[in-house]
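This is what each chain is made of:
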Amino acid sequence: MSKLCENIAALVQYGLDCGLIEQDEKIYATNLLLDIYNEEDYEESAQSDETATAPGVYKLEQILKNLLDIAVERELIPDSIVYRDLFDTRLMNAITPRPSEVNRMFYEKYNRSPEEATDFYYKFSQDTDYIRRYRLCKDMRWTVDSMYGEIDLSINLSKPEKDPKAIAAAKNAKQSGYPKCQLCVENVGYAGRVNHPARQTHRVIPITINESAWSFQYSPYGYYNEHCIVLNNEHVPMKIERATFVKLFDFVKLFPHYFLGSNADLPIVGGSILSHDHYQGGRYDFAMAKTDFEECFTIPGYEDITAGIVKWPMSVIRLQGSDANRVIDLAEHILNCWKSYTDEAAYIFAETDGIPHNTITPIARMRREKYELDLVLRNNITTKECPLGLYHPHDELHHIKKENIGLIEVMGLAVLPARLNTELADLAQAILKKEDIRGVESLAKHADWVEEFLPRYENVTEENVMDILKSEVGKVFVKVLEDAGVYKCTPEGRQAFGRFIHVL
């Protein structure tokens, strides 16, 4: 039997083992795969030891690698990670159920238990290779202790870097307006192109929140456990308003074991995609969610709602109540007050030259049968000294983190650039060899940092140098969060925070 037939048989068997296809769909799936290769002959026999004995996810990775190598040999695709990802998604689609069948199975399980439904859907999203488990396990993840609790850090290595040929092809590719962005529901089943990822195995779950049509899916890059995305079926921009709080709580009512939050709706303090209304959630307890009130207060007219400042480097007001509508009412009141609030002494300006600066990053969850909403106060004003944002990581921290501080970072998970994987490894060797870090072009930006922390460690060895670097990166990230806080955790900062609370 040919190598192609062997691996097609292995992929079909994988689909059967995972429950993606039924036994009576085996021939159908086989023929779809043969057609992709323009292959007219087929003979089935036992799998080779290479694919038959490989465990779970690694078995799929090996099968797909074999099939992709055959596609390259037959000149069906160039040998590039971009074209390989487009092609293997096309292959996986042959063993992926249609959207209506996925929705039927999801809601059949949801009627028994929301958790059973999300367990099924999360496993399904991994089994179809929409979430590439064998890539996610390459990510670097660690935690560090801080005065605010245990902070999560990650260096995302699962998102492949485009090679030069693919970058050139993307530059020269015809610009398409379909789908309008990577969050649009029109991505379901989309074949992709060199400048847009394949989504043929993408399946979304239709939900209704705030009496409007939305969709629920998982992130293919999984920054944390069951990292999900809830997206508007219409391509409309992000906006923080009362309806935002309604939608967050409507989702939490549907899936009380998940949290859901929104990026802010202004540049600098918002997420990477402001053009499409969407939220992010999942089943994970972030450091910010675990921390308690630093100080509680009562807002007149809302005595039934517990309110307080959270012990966190960013400026967070937490609301708790048994009536979601009452929590939403107070959240709207705080949002409206904040959007128009100016305190020149604290360098907080609601607007300059007609450009608004104040907004909120909200996060909703259920806690002990009560509705909980965290409102993170944000301001995107820039200054001559801080052109990227006054409440943004300052220059001396850019060697670690320069990007916007979005929802995930706000909650206490650093999503650090992939470059740090190599740079930290090189730094470790440079420190051990006592090299002049300023003289190494790729590491020179870290020199001031290393010179500041290294004297605190008497004994740096090959066994502990990476742990030291990870710990120090964690301390930098805490400073990043402190920079992003509009009210600092100082007596002056807390006094200024109190002035805003007083106007509520």
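In the block above lies the structure referred to throughout.
Residues numbered from 1 in each chain as written. Predicted model: local features only at pLDDT ≥ 70, side-chain atom pairs only at ≥ 80, totals over all residues. Heavy atoms only, no water.

(A) Structural view of the overall build of the protein chain. The helix and strand tally for the protein chain stands at 17 helices and 15 strands. Computed over the C-alpha atoms, the radius of gyration of the protein chain is 25 Å, within 12% of the 23 Å expected from 2.2 N^0.38 for a compact globule of 504 residues. The buried share of the protein chain, taken over its 504 residues, is 54%. Within the protein chain, counting contacts between residues at least 6 apart in sequence, those at least 24 apart form 64% of the total. Surface exposure of the protein chain reaches about 22800 Å², of which carbon and sulfur atoms provide 49%. The protein chain carries 56 positive and 78 negative side-chain charges, and their two centres are separated by 2 Å. (Helix = DSSP H or I, 4+ residues; strand = E, 2+ residues; numbered from the N terminus. Rg over C-alpha atoms; globule rule 2.2 N^0.38 Å. Buried < 20%, exposed > 50% of the residue type's maximum accessible area, 1.4 Å probe, protein only. Contact = heavy atoms within 4.5 Å. Areas by Shrake-Rupley, 256 points an atom, 1.4 Å probe, with all protein chains shown as cover. Lys, Arg positive; Asp, Glu negative; His and termini not counted. Charge placed at Lys NZ, Arg CZ, Asp CG, Glu CD.)

(B) Summary view of the pattern of salt bridges. Counted under the stated rule, the structure contains 40 salt bridges. Between Glu115 and Arg283 there is a salt bridge; the shortest N-O distance is 3.1 Å. With Glu115 in helix α7 (residues 114-127) and Arg283 in the loop between β7 (278-282) and α11 (287-290), this residue pair connects regions lying 168 residues apart in the sequence. Classification of Glu115 as partly exposed rests on a relative accessible area of 38%. Residue Arg242 pairs with Asp329 through a salt bridge whose shortest N-O separation is 2.8 Å. Taken together, the residues span a long stretch of sequence, with Arg242 in helix α10 (residues 242-254) and Asp329 in helix α12 (residues 324-339) at a distance of 87 residues. Taken together, the salt bridges that share partners define one network made up of Asp85, Asp88, Asp129, Arg132 and Arg135. (Salt bridge = Lys/Arg side-chain N within 4 Å of Asp/Glu carboxyl O.)

(C) How the structure looks around the pairing of strand β2 (residues 149-155). Within β2, 5 of the 7 residues are buried, which leaves the element mostly enclosed by the surrounding structure. Across 7 bridges, strand β1 (residues 140-146) lies against β2 in antiparallel orientation. For Arg141, the partnering residue across the bridge sits in β2 and is Ser154. If you look at the hairpin formed by β1 and β2, you'll find 2 residues sitting between the two strands. (Pairing = 2+ DSSP bridges.)

(D) Broad picture of α12. The first and last C-alpha atoms of α12 sit 22 Å apart over 16 residues, in line with the 22 Å expected at 1.5 Å per residue. Turning to α12, its buried residues number three or more, namely Ala324, Val327, Ile328, Leu330, Ala331, Ile334, Leu335, Cys337 and Trp338. Where α12 is buried, its residues contact α10, β10 (316-321), β13 (358-367), β14 (370-379) and α17 (491-503). (Expected span 1.5 Å × (residues − 1).)

(E) Just the environment of Tyr178, in detail. In this structure, Tyr178 sits in the loop between α9 (164-172) and β3 (205-209). Expressed as a C-alpha distance, the spacing of Tyr178 and Asp129, which sit 49 residues apart in the sequence, is 23 Å. Setting aside anything within four residues of it in sequence, one finds Tyr178 in contact with Glu186, Tyr190 and Arg193.

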